[in-house]
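Here are the chains, one letter per residue:
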Amino acid sequence: FPSHDTMVGRSLAITGFYANTAVSFISLFSSSLSNSDRIIAEGQASASITASGSLTKFDTVGTPLFSRIIDGAGSDSGLCIAVDSPNSNVYLGGTYALTPTIKDQSGTSLATLPVSNGASAAFFSKFSSVTGNYLYSRILDASAGDSGTGLACDAFGNVYFSGTTIGTVRTV
């Protein structure tokens, strides 16, 4: 079930854990959106024993336009999403363990995030909402478990990131 949904301009951003049902869940919303609307979904994909965070953009009829995966040896989760209004870039935030790689839908590596200091690190990554191009990532990492659970953007394109951290934070 979704944990958060937000209308940003004419885009609907939905977050949550979908357990391999993202497309059927998202299609429930597509009939109420106009042709200029876009749906961006974020969640956790479970293709193996460890979990991967995911970001997928769908068009107005539910056709996937691009997907990005945060995939490492540990459990990685996409827990929050935001879209900035000046540029319509999309931000995916969450938690990762060890050293995950950001990949496109074909499995091609786009970037590798730094090794986490403790059990997990909080992160957010910025992507072009038009092409899905990876732009950058930032992490908040302390000596214990950290989790990124909230993202917001203001009208000037500034990003606000919230979550939980234990210990002294290292920002990368």
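In case you missed it, the structure is sitting above this.
The model shown is predicted, which means the values in this text are computed figures rather than measured ones. (Residues numbered from 1 in each chain as written. Predicted model: local features only at pLDDT ≥ 70, side-chain atom pairs only at ≥ 80, totals over all residues. Heavy atoms only, no water.)

*Asks:* Please provide a residue-by-residue account of the pattern of salt bridges, values included.
*Replies:* Side chains that differ in charge, positive against negative, can pair when their charged atoms come close. Evaluated as defined, the whole model comprises one salt bridge. A salt bridge links Asp-71 to Lys-103; the shortest N-O distance between them is 3.1 Å. Note that Asp-71 is positioned in strand β5 (residues 64–71) and Lys-103 in strand β8 (residues 101–104), a separation of 32 residues in sequence. With a relative accessible area of 24%, Asp-71 lands in the partly exposed category. Taking relative accessible area as the criterion, Lys-103 reaches 23% and is therefore assigned partly exposed. (Salt bridge = Lys/Arg side-chain N within 4 Å of Asp/Glu carboxyl O. Helix = DSSP H or I, 4+ residues; strand = E, 2+ residues; numbered from the N terminus. Buried < 20%, exposed > 50% of the residue type's maximum accessible area, 1.4 Å probe, protein only.)

*Asks:* Report on the sheet that holds strand β11 (residues 134–141), specifying residues and quantitative values.
*Replies:* Think of a sheet as strands paired side by side through backbone hydrogen bonds, with each pair either parallel or antiparallel. If you trace the five strands from one edge of the open sheet to the other, you get β6-β7-β10-β11-β14, paired in antiparallel fashion. The sheet is open, and its two edges are formed by β6 (77–83) and β14 (170–171), each paired on a single side. (Pairing = 2+ DSSP bridges.)

*Asks:* Explain the environment of Gly-118 to me, using residue names and the numbers behind them.
*Replies:* Within the secondary structure, Gly-118 sits in the loop between β9 (109–112) and β10 (121–127). C-alpha of Gly-118 to C-alpha of Gly-167: the two residues are 49 residues apart in sequence and 9.8 Å apart in space. Discounting chain neighbours no more than four positions away, the residues touching Gly-118 are Asp-141, Ala-142, Ser-143 and Ala-144. (Contact = heavy atoms within 4.5 Å.)

*Asks:* Hey, could you go over the packing of aromatic side chains for me, with residue numbers and the actual values?
*Replies:* Geometrically, a pair of aromatic rings is defined through the distance of the ring centres and the angle of the planes. Within this structure, the stated rule accounts for five aromatic pairs. With a centroid separation of 6.2 Å and 55 degrees between ring planes, the pair formed by Tyr-91 and Phe-124 is classed as tilted. Taken together, the residues span a long stretch of sequence, with Tyr-91 in strand β7 (residues 90–96) and Phe-124 in strand β10 at a distance of 33 residues. (Phe/Tyr/Trp six-rings, centres within 6.5 Å; stacked < 30°, edge-to-face > 60°.)

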